[in-house]
Amino acid sequence: MSNLLITGSTGMLGSYISRNLSLSNFNLVIPPRNELDLDNPQTCYETILKYRPYCIIHMAAETDVDLCERAPQIAARKNALATQSIAQGARECGSYLVYISTSNIFSSANQIIFNELDIPNPSNYYGKSKFYGEQAIAMFGPKDFLIIRAGWMIGGGRGKDHKFVGKIIEAIESGVPEIKAVSDRIGSITEAESLSCFIKWAIDNRPAGIVHYASIGGISRYEIALELSKILKYRGKVTSVSSSMFPLSAPRPLSDAIESIYLPLMTSAPFPGMWREDLERYVMNF
Ligand SMILES: NC(=O)c1ccc[n+]([C@@H]2O[C@H](COP(=O)([O-])OP(=O)(O)OC[C@H]3O[C@@H](n4cnc5c(N)ncnc54)[C@H](OP(=O)(O)O)[C@@H]3O)[C@@H](O)[C@H]2O)c1
């Protein structure tokens, strides 16, 4: 059985991937921290060489955007240099490398939606370090690689979803009288479960290059909160506020919404749907 190595198996996306791939025809390799540590990029290279995987799904990252801004050296080590080491190991072993990147590599002063042909221009160190990771894969990585850029990821479900959607659902269920949500920043949502199905498809079909994977439609957190209030029949008030009400260490772009021009060409691949439907399905299974 060939080895399939995954990094970041304990994360939001990683937990769907580990579940989804546990019954595949691969020997699933999940290196412990003492074997593969992003803080020590050399361990990433050595561990890839140890297992010589047929395929690597690289999801581990420092995903705290504000921490990356306060400590860019952490972003550089964990997201940029560790990804470079994984790319070099994958090249040496001829592995198929799937790298999960982010819509945060884009930023714009207008509310536009970016496709795969648009030139990245990250506005914060998280986005910069993830973009460096993409470039390192293209420069030092194997012949066959797939970079998947995801939008605002939703997943985890009850008790495990501590991101925006999970917090709003909890607030609604607790009966707070008002929910405030930012309306002057737009992005796209990516359902982690749907992305994990696409990754499983990619391992079997080995598409190469860069692809955007997000539900259709650029939206603000206010629109998400409003939709959640309709789905859950919330009786309180949803108020639109400016992002200046929630000061953060890292600048957030006016838009990092994404769409794909390549995904429709992958005719047998599982697709994300319209954002309202994908959000509703997530809430119904929460
Ligand atoms: N969340 C989003 O909205 C979003 C959007 C677009 C793209 N992405 C990308 O998608 C990928 C998965 O995101 P996620 O939200 O699922 O991540 P997450 O929940 O924050 O999980 C991060 C993973 O990285 C691992 N990790 C952290 N530090 C490590 C280290 N020093 N050595 C080895 N592993 C380490 C964590 O392991 P421990 O549990 O042991 O700490 C965890 O498994 C990331 O590459 C991220 O950049 C995320």
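Residues numbered from 1 in each chain as written. Predicted model: local features only at pLDDT ≥ 70, side-chain atom pairs only at ≥ 80, totals over all residues. Heavy atoms only, no water.

Per an unreviewed UniProt entry, the protein goes by dTDP-4-dehydrorhamnose reductase and derives from Leptospirillum ferrooxidans. Recorded in UniProt for the protein, the comment headed Function (unreviewed entry) runs: "Catalyzes the reduction of dTDP-6-deoxy-L-lyxo-4-hexulose to yield dTDP-L-rhamnose." (UniProt positions renumbered as here; feature names shortened; annotations may be inferred.)

A. Structural context of the overall build of the protein. Helices and strands together make up the secondary structure of the protein, namely nine helices and 14 strands. What you see for the protein is a C-alpha radius of gyration of 19 Å, in line with the 19 Å of a compact globule of 286 residues. With the C-alpha coordinates aligned to their principal axes, the bounding extent of the protein is approximately 55 × 40 × 35 Å. Across the protein, every contact between residues at least 6 apart in sequence was considered, and the portion connecting residues at least 24 apart equals 83%. Surface summary for the protein: the accessible area is close to 13,000 Å², and the carbon and sulfur share equals 52%. Counting 28 positive and 28 negative side-chain charges, the protein places the centres of these two groups 2 Å from one another. (Helix = DSSP H or I, 4+ residues; strand = E, 2+ residues; numbered from the N terminus. Rg over C-alpha atoms; globule rule 2.2 N^0.38 Å. Contact = heavy atoms within 4.5 Å. Areas by Shrake-Rupley, 256 points an atom, 1.4 Å probe, with all protein chains shown as cover. Lys, Arg positive; Asp, Glu negative; His and termini not counted. Charge placed at Lys NZ, Arg CZ, Asp CG, Glu CD.)

B. Broad picture of the packing of aromatic side chains. Taken as a whole and assessed by the stated rule, the structure comprises five aromatic pairs. Summarising the aromatic geometry, the rings of phenylalanine 106 and phenylalanine 114 are spaced 4.5 Å apart at their centres and angled 5° between planes, so their arrangement reads as stacked. The class for phenylalanine 106 is buried, based on a relative accessible area of 0%. Clustering of aromatic rings is evident, with ring pairs tying together Phe198, Trp201 and Tyr213. Against the face of tyrosine 16 rests arginine 19, its NZ or CZ located 5.2 Å from the ring centre. Directly above the ring of tyrosine 125 sits lysine 128, whose terminal nitrogen or CZ lies 4.6 Å from the centroid. (Phe/Tyr/Trp six-rings, centres within 6.5 Å; stacked < 30°, edge-to-face > 60°. Buried < 20%, exposed > 50% of the residue type's maximum accessible area, 1.4 Å probe, protein only. Lys NZ or Arg CZ within 6 Å of the ring centre and 35° of its normal.)

C. A look at a nonpolar patch on the surface. Side chains of Leu117, Ile261, Tyr262 and Leu265 sit close together on the surface and give an oily, nonpolar patch of about 410 Å² of accessible area. Relative to the helices and strands, leucine 117 is located in the loop between strand 5 (113-114) and helix 5 (125-140). (Patch = residues over 30% accessible without salt bridge, like charges linked within 9 Å, V, L, I, M, F, W, Y side chains within 5 Å. Salt bridge = Lys/Arg side-chain N within 4 Å of Asp/Glu carboxyl O.)

D. Inspection of the layout of surface pockets at higher detail. The space that makes up the second largest pocket amounts to roughly 190 Å³. As for the second largest pocket, its lining consists of 15 residues, of which Ala214, Ile216, Glu259, Ser260 and Leu263 are closest to the centre. Residue composition of the lining of the second largest pocket, grouped by class: nine nonpolar, five polar and one charged. (1 Å grid on protein atoms, 1.4 Å probe; cavity = no way out; pocket = protein on both sides within 12 Å on 5 of 7 lines; lining within 4 Å. Points joined across faces, edges and corners; volume = space filled by probe spheres on them. Nonpolar A, V, L, I, M, F, W, Y, C, P; charged D, E, K, R; others polar.)

E. How the structure looks around the pairing of strand 1 (residues 3-7). Of all five residues making up strand 1, five are buried, and the element is well covered by its neighbours. Of the two faces of strand 1, the one holding Asn3, Leu5 and Thr7 and the one holding Leu4 and Ile6 are both buried throughout. Sheet topology note: the strand 1/strand 2 (residues 27-29) ladder contains three bridges and is parallel. Bridged to leucine 4 within strand 2 is leucine 28. After leaving strand 1, the chain enters helix 1 (residues 12-21) and then returns to the sheet as strand 2, a path that is right-handed. When strand 1 meets strand 3 (residues 55-58), the two strands line up parallel, connected through four bridges. (Pairing = 2+ DSSP bridges. Right-handed = clockwise from strand over helix to strand, strands pointing away.)

F. Spotlight on the site of the ligand. In the vicinity of the ligand there are 26 residues, among which Thr10, Leu13, Thr63, Tyr126 and Lys130 approach most closely. Here an oxygen atom of the ligand sits 2.9 Å away from a polar atom, N or O, in the main chain of methionine 12. In the complex, the protein chains occlude 80% of the 900 Å² of accessible area that the ligand would expose alone. Only helix 1, strand 4 (96-102), helix 5 and strand 7 (152-154) provide two or more residues apiece to the shell around the ligand. At three residues, strand 4 tops the list of elements feeding residues into the shell around the ligand. Of the residues assigned to the shell around the ligand, the class counts are 12 nonpolar, eight polar and six charged. (Near = heavy atom within 4 Å. Polar contact = N/O pair within 3.5 Å; in protein donor to acceptor, adjacent residues only side chain to side chain.)

G. Representation of the nonpolar core within the structure. The biggest cluster of nonpolar side chains holds 50 residues, and the ones touching the most others in it are Ile57, Ile148, Phe198, Ile199 and Leu228. At seven residues, the largest contribution of residues to this core is made by helix 7 (residues 192-205). Beyond its immediate chain neighbours, meaning those up to four positions away, leucine 228 contacts Val165, Ile168, Ile169, Ile172, Leu279 and Val283. (Core = buried A, V, L, I, M, F, W, Y, C linked by side-chain atoms within 4.5 Å.)

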